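Here's the letter readout for the chains.
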Amino acid sequence: MKEMHGLKDIPKESLIGGGTSTCQGCGAMLGCKLLLKALGKRTVLVNTSGCMTLTALYPYTPYKVPWVHVAIETGGSAATGISMGLKALKKNATIAVYAGDGASYDIGFESLSGLAERNEDVLYVCYNNSAFSNTGFQRASSSPWGSKTSTTPPGPRTPEGNAFSRKDLAKIMAVHRIPYVATACISHPIDYMNKVIRASKIRGCKFIDLLVPCPTGWGFQSADTVDVGRRMVDAGLWPLYEYDGKAKQFKVSVTPRLIPVAEALKDQARFRHLDAKQINRIQTMVDKQWQLLKAGKYFEADFY
Amino acid sequence: MIDIMDGNMAVSHGAMLSRVQCMPCFPITPATEIIETMAEWSRSGKWNGQYRLMESEHAVMAAAIASEMVGARTFTATSSQGLELMHELLPIASGTRSPLVMANVCRGISAPITLWGDHTDFLSTRDFGWLMFSCATNQEVIDTVPIAYKVSEDSDVLLPSMLAMDGFVHSYTRSEVDMPAQAEVDRFLPRLRLKTCIDVDNPASLGIPAADEYSYFRVQVHKAQLNALDAIERVQGEWERRFGRRYGLAEKSHMDDADVAVVAMGANCANIRSAVEELRKRGKKAGLLRLRLIRPWPLDYIRRALSGASKVLVIDQDLAPGRGGMLYPEVRAATDGAVVSNFIAGLGGKPVRQSEYAAMISDALRAREPFRRFLI
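Residues numbered from 1 in each chain as written. Chains lettered and ligands numbered in written order. Predicted model: local features only at pLDDT ≥ 70, side-chain atom pairs only at ≥ 80, totals over all residues.

Novice: Explain the nonpolar core to me, please; I cannot follow it from the model alone.
Specialist: For soluble globular proteins, the rule of thumb is that nonpolar side chains tend to be buried together. Residues Val68, Ile82, Val125 and Leu210 of chain A together with Val262 and Ile361 of chain B are the most contacted members of the largest nonpolar core, which totals 225 residues. Considering every element that reaches this core, the biggest residue donor is helix α3 (residues 57-70) of chain B, with 10 residues. Residue contributions to this core reach at least three from each of two domains, namely domain 1 (2-243) and domain 2 (251-374) of chain B. The contact partners of Ile361 of chain B, leaving out residues within four places of it in the chain, are Val260, Val262, Ala275, Val276, Leu279, Ala286 and Leu313 of chain B. (Core = buried A, V, L, I, M, F, W, Y, C linked by C-beta atoms within 7 Å. Buried ≥ 20, exposed ≤ 12 C-beta atoms within 10 Å, placed from the backbone. Helix = DSSP H or I, 4+ residues; strand = E, 2+ residues; numbered from the N terminus. Domains from an automatic or database assignment. Contact = placed C-beta atoms within 7 Å.)

Novice: Is there a simple way to explain the domain arrangement of chain B in this structure?
Specialist: When the parts of a complex come together, some accessible area is lost, and that lost area is often used as the size of the interface. All names here are of chain B. What the domain assignment reports for chain B is domain 1 (2-243) and domain 2 (251-374). Tallying the contact residues gives 26 residues for domain 1 and 21 residues for domain 2. Looking at the side of domain 1 that touches domain 2, the elements with two or more residues in it are α6 (120-123), β6 (131-134) and α9 (214-243). By residue number, the principal contributor to the side of domain 1 that touches domain 2 is α9, which donates 5 residues. Residue composition of the side of domain 1 that touches domain 2, grouped by class: 14 nonpolar, 9 polar and 3 charged. (Nonpolar A, V, L, I, M, F, W, Y, C, P; charged D, E, K, R; others polar.)

Novice: Teacher, can you tell me more about unusual backbone geometry here?
Specialist: With the exception of glycine, the majority of residues adopt a negative phi angle, and the majority of peptide bonds are in the trans configuration. All names here are of chain B. In this chain, Ser110 is followed by Ala111 through a cis amide linkage whose omega measures 0°. Structurally, Ala111 is set in the loop between β5 (101-106) and α6. The amide bond that connects Ala111 to the next residue, Pro112, takes the cis arrangement and shows omega of -5°. Relative to the helices and strands, Pro112 resides in the loop between β5 and α6. For Leu158, which is not a glycine, the phi torsion comes out positive at approximately 45°. Inspection of the secondary structure assignment puts Leu158 in the loop between α7 (138-152) and β7 (161-166).

Novice: Would you explain the interface of chain B and chain A in this entry?
Specialist: Every contact between the two is made by 36 residues of chain B and, on the other side, 36 residues of chain A. Residue assignment for the side of chain B that touches chain A shows that the elements contributing at least two residues are β2 (22-25), β3 (50-53), α3 and β9 (205-206) of chain B. In terms of residue class, the side of chain B that touches chain A is built from 23 nonpolar, 8 polar and 5 charged. Across 2 bridges, strand β2 (residues 67-69) of chain A lies against β9 of chain B in parallel orientation. Residue pairing across strands places Trp67 of chain A opposite Ser205 of chain B, the latter belonging to β9 of chain B. (Pairing = 2+ DSSP bridges.)

Novice: So what exactly am I meant to see when it comes to the pairing of strand β4 (residues 75-78) of chain B here?
Specialist: Every other side chain in a regular strand lies on the same face of the sheet, so the side chains alternate between the two faces. Residue and element names in this part refer to chain B. Side chains Phe75 and Ala77 project from β4 onto one buried face, and the interleaved Thr76 and Thr78 project onto a second face that is buried too. One ladder, built from 4 bridges, connects β4 with β5; its direction is parallel. Directly across from Thr76, in β5, lies its bridge partner Met102.

Novice: Is there a simple way to explain the sheet that holds β9 of chain B in this structure?
Specialist: In a beta sheet, neighbouring strands pair by backbone hydrogen bonds and run either parallel or antiparallel. Read across the sheet, 9 strands follow the order β8(A)-β7(A)-β5(A)-β6(A)-β4(A)-β3(A)-β1(A)-β2(A)-β9(B) without closing on themselves; strand pairing throughout is mixed. Only two strands of the sheet have a single neighbouring strand rather than two, namely β8 (249-254) of chain A together with β9 of chain B. Across the sheet, helix α1 (residues 27-39) of chain A touches β1 (43-47), β3 (94-100), β4 (123-128) and β6 (206-211) of chain A, and the angle it forms with β3 of chain A is around 170°. Against the sheet, helix α2 (residues 75-88) of chain A touches β1, β2, β3 and β4 of chain A, its axis set at about 165° to β3 of chain A. (Axes fitted to C-alpha atoms, helices over the stretch in contact; angles between N-to-C directions.)

Novice: Even after reading the chapter, I still don't get the confidence of the model for chain B, so can you show me in this structure?
Specialist: Any region with low pLDDT has predicted coordinates that should not be read closely. On average, chain B scores 97 in pLDDT, and the residues at 70 or more come to 100%. Under the prediction, the complex receives an ipTM of 0.97, its pTM being 0.97. (pLDDT = per-residue confidence, 0-100.)

Novice: Can you help me understand the packing of helix α1 (residues 7-17) of chain B against helix α2 (residues 32-44) of chain B in this one?
Specialist: Pairs of packed helices are described in terms of their axes, by the angle between the two and the distance that separates them. Residues and elements named next belong to chain B. Packing of α1 against α2 leaves a shortest axis separation of 9 Å and a crossing angle of 45°. In terms of their interaxial angle, α1 and α2 are classed as oblique. Read as a crossing pair, α1 and α2 show a hand that is right-handed. Across from Asn8, Met9, Val11, Ser12 and Met16 in α1, the residues of α2 making contact are Glu33, Ile34, Thr37, Met38 and Trp41. (Parallel < 35°, antiparallel > 145°, perpendicular 65-115°, else oblique. Left-handed = near helix turned anticlockwise from the far one by under 90°.)

Novice: I keep staring at the pairing of β2 of chain B and nothing clicks. Help me out?
Specialist: Here β2 of chain B shows no split at all, with Cys22 and Pro24 of chain B on one side and Met23 and Cys25 of chain B on the other all buried. The parallel pair β2 of chain B and β3 of chain B, bridged by α2 of chain B, forms a crossover whose chirality is right-handed. (Right-handed = clockwise from strand over helix to strand, strands pointing away.)

Laid out in structure tokens, this is it:
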């Protein structure tokens, strides 16, 4: 597929049927639909246990492409098996993993790392709602500092809620020496889909960390999913970039307006417990991060 | 063709003869030689399948399930802690009806760590829906790989198979093996053709969750296991016609008039059989029923085989702490009125002398009440 310039270029036909059992306003489902629109029909979609698993429930499936689920921590390993099987039978297909952040940052990290180390010809998209959302929004190592989850409730000992800074998975994947790493957000569909299209034309392991706002977990109205995502990007809280692993080049793909982080955080109930000092801490971190990113110092920047 | 090889080489040849197409793997003692052999054959071009060194046994099993779902014949091998790490995925392999075959080179489970053999690793997977073959010789190992594929891939079965052999006693011990001819194995085992698989021209969703139908699917796995009993007899009958070697649901030695029947599995059965024959020479009517099939559990066959014996001794080279031998309750449920005793010996490969087996069998013959003894 050719790269897109505007929303009109997005194919109308969806490879996922309607009426799936996701929450209203689910960012992850939007991300999955856009992924398949960019990749087309000759795609095998590898799922890991999580929100997206329950979209197929016997005897129904919304997927018009082959879809495989093995377990939660098997994104990279099951994709490897699919690749082996297709090669053994001399069949051709694009293999895409669409796995949650818990299944990628945490429990399935080993399998993702193995996939990258072997440089399997697979596109791995981590749909990142920044917690274990399917089980009721428990903290994952993708949860940002200061976010409230059901296992990091703000209290006298940890007024900030989640006291840990998130793992920077995209950067960890970049140092796996795979050819392509990117971040994306469903609020910027053209940027996201073009990254998918670019990645799909590269042989080897490709990784995209896709931010998908989660109305039930983050705490916002289901109509606001795209706006919430856009403000995360605008505030610089979720940098959109590409890393070309062959040329070793880092490039910001959408330059953020850098609105105050408070404006993005106030959208979401998970940050509502933060006081001005705590918000300021996040602002300072984001400012420093962007100073470094603008200077091209990707590996020196500590991402929020 | 008669060759001399150890069990790890026998299982590798079994996989080659079965024309396996995919092998994801991870090394573990005492199965590592299988992984190394296939790597060498892959590199030299002797074998043209897809070979992958995965990052863990968990990843191996996930990849094996997935490549089998594509419709490619898949093989792997592991042992002990490796098998334990796969546990989560073993019922997924059976639930998704993926007919892959895995060799488990039996080794005691940690802790403390042991590299030596017992059957606790293998038997602890018995409730996961896999067909479970236990081998006693290197010949049986090489023959059981294609047999297991043919049974697993039967449309009335469609379940994964696990083949057990003993660490060190098989894996590193050479013995005579009659190598089946490739052309004849090809006639015996046709190419794999799955009706439902991952195919972009015919999309399906595999491994999907079920709500109300959950119990239906798991009961289907049970029914497929029972179907496998017929399939195993049919397939092993065909193997015998083609290759002249007969395998039953279990193997009987001196069982026809036995007063005391010994039930055991694995390579130590060679030693146990010698003890039985020693007792026969002393006028004691002992017999051996060597288990070849753990799942499906051939209950009727075992019940008939044991029906004439008033005393039974189950020798477990495994341990379920809090219960005892793992084979014991299963065998006992197949007896009617016999005094059934349990001897737990050989844990972590601890050697058991023939005389120790003979003494225990004599005690079982005399026992009025069932006993349970350990060789510690």
